Amino acid sequence: MKRIWRILLLSVLLLVPSATLVQPAQAVAVKKQAIAVKKKVLVELRKQGGFAGLDDRVIAYTNGCVRLSRRTGPTVDKCLTKRETSALRGNLKHLRLGHSEAPPQGADFLKYTIAYRGHRVSRYTLPGSWNPVVRQLEKLMEKYWAPD
């Protein structure tokens, strides 16, 4: 009986170090996959403020997918149609970010922040070149974001 316990104990002791050696290798493989899957942001829109306390966020990625989130509710990931993607890219060609705007006096103002090509600008009034981009991203939010 003692011999069986020795064999069993020896087997367990031999398996434990090999199992711990495998885990770091698996962790490195998983980490490499996560880096490879990392998405590149094409444009990001945040719409914040107002009496309703909005905090809407649309992130469009270069692969044609979007991430949609609101202050309340789930974060939703969707892929756009080819038509939606090409329309967005077309509108972005005409986008001129300009400079951030100082916050106006008062409480019921919406703040629009666009991040594009490494620049982030916040405005309270929408310039002409912003309108098509903001309206399209808001339509995507309405179309694809739905609370559970």
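See the structure printed just above.
Residues numbered from 1 in each chain as written. Predicted model: local features only at pLDDT ≥ 70, side-chain atom pairs only at ≥ 80, totals over all residues. Heavy atoms only, no water.

### Topic: the state of the cysteines
Counting across every chain of the model gives one disulfide. Disulfide partner of Cys-65: Cys-79, at an S-S distance of 2.0 Å. Here the disulfide of Cys-65 and Cys-79 is right-handed, its torsion about the S-S bond being about 70 degrees. Of this pair, Cys-65 sits in strand E3 (residues 65-69) while Cys-79 sits in strand E4 (residues 76-79), placing them 14 residues apart in sequence. (Disulfide = S-S within 2.5 Å. Helix = DSSP H or I, 4+ residues; strand = E, 2+ residues; numbered from the N terminus.)

### Here we look at the packing of helix H2 (residues 82-93) against helix H3 (residues 131-144)
Each pair of packed helices gets described by two things: the angle between the helix axes and the distance between those axes. Where H2 contacts H3, the two axes come as close as 9 Å, and the packing angle between them is 155 degrees. When the interaxial angle is binned, H2 and H3 end up roughly antiparallel. Along this stretch, H2 crosses H3, giving a crossing that reads as left-handed. Residues Glu-84, Ala-87, Leu-88, Asn-91 and Leu-92 of H2 pack against Pro-132, Val-133, Gln-136, Leu-137, Leu-140, Lys-143 and Tyr-144 of H3. Partitioning the contact of H2 with H3 into residue classes produces eight nonpolar, two polar and two charged. (Axes fitted to C-alpha atoms, helices over the stretch in contact; angles between N-to-C directions. Parallel < 35°, antiparallel > 145°, perpendicular 65-115°, else oblique. Left-handed = near helix turned anticlockwise from the far one by under 90°. Contact = heavy atoms within 4.5 Å. Nonpolar A, V, L, I, M, F, W, Y, C, P; charged D, E, K, R; others polar.)

### Observations regarding empty space enclosed by the protein
Throughout the structure, instances matching the rule amount to one cavity of 30 Å³ or more. One number sums up the size of the largest cavity: a volume of about 30 Å³. Together, Leu-42, Ala-60, Tyr-61, Gly-64, Leu-80, Thr-85, Leu-88 and Arg-89 line the largest cavity. Looking at the lining of the largest cavity, the elements that each hand over two or more residues are strand E2 (54-61) and H2. Examining the composition of the lining of the largest cavity, we find that three residues originate from one element, H2, more than from any other. When grouped by side-chain class, the residues that make up the lining of the largest cavity number five nonpolar, two polar and one charged. (1 Å grid on protein atoms, 1.4 Å probe; cavity = no way out; pocket = protein on both sides within 12 Å on 5 of 7 lines; lining within 4 Å. Points joined across faces, edges and corners; volume = space filled by probe spheres on them.)

### Remarks on the side chain of Gln-136
Among the structural elements, Gln-136 can be located in helix H3. For Gln-136, a relative accessible area of 13% gives the class buried. Not counting the four nearest positions on each side in its chain, Gln-136 is found in contact with Glu-84, Ala-87, Leu-88 and Asn-91. (Buried < 20%, exposed > 50% of the residue type's maximum accessible area, 1.4 Å probe, protein only.)

### As for the packing of aromatic side chains
This model, assessed by the stated rule, comprises zero aromatic pairs. A cation sits over an aromatic face here: Lys-39 above Tyr-61, 5.0 Å from the ring centre. (Phe/Tyr/Trp six-rings, centres within 6.5 Å; stacked < 30°, edge-to-face > 60°. Lys NZ or Arg CZ within 6 Å of the ring centre and 35° of its normal.)

### Here we look at the pattern of salt bridges
Under the criterion given, the structure shown has nine salt bridges. Two residues, Glu-138 and Lys-47, come together in a salt bridge whose shortest N-O distance is 3.0 Å. Remark: Lys-47 occurs in strand E1 (residues 41-49) and Glu-138 occurs in helix H3; sequence separation between them is 91 residues. On the basis of relative accessibility, which here comes to 19%, the residue Glu-138 falls in the buried class. Overall, the relative accessible area of 16% leaves Lys-47 in the buried class. A salt bridge links Glu-101 to Arg-123, with the shortest nitrogen-to-oxygen separation between them at 3.5 Å. A residue pair is termed long-range when its members are at least 10 positions apart, and Glu-101 in the loop between H2 and strand E5 (110-116) and Arg-123 in strand E6 (residues 119-123) qualify at 22 residues. Arg-123 gets classed as buried once you look at its relative accessible area, which sits at 17%. Each member of the salt-bridge network shares a partner with another, and the members are Glu-44, Arg-57 and Arg-120. (Salt bridge = Lys/Arg side-chain N within 4 Å of Asp/Glu carboxyl O.)

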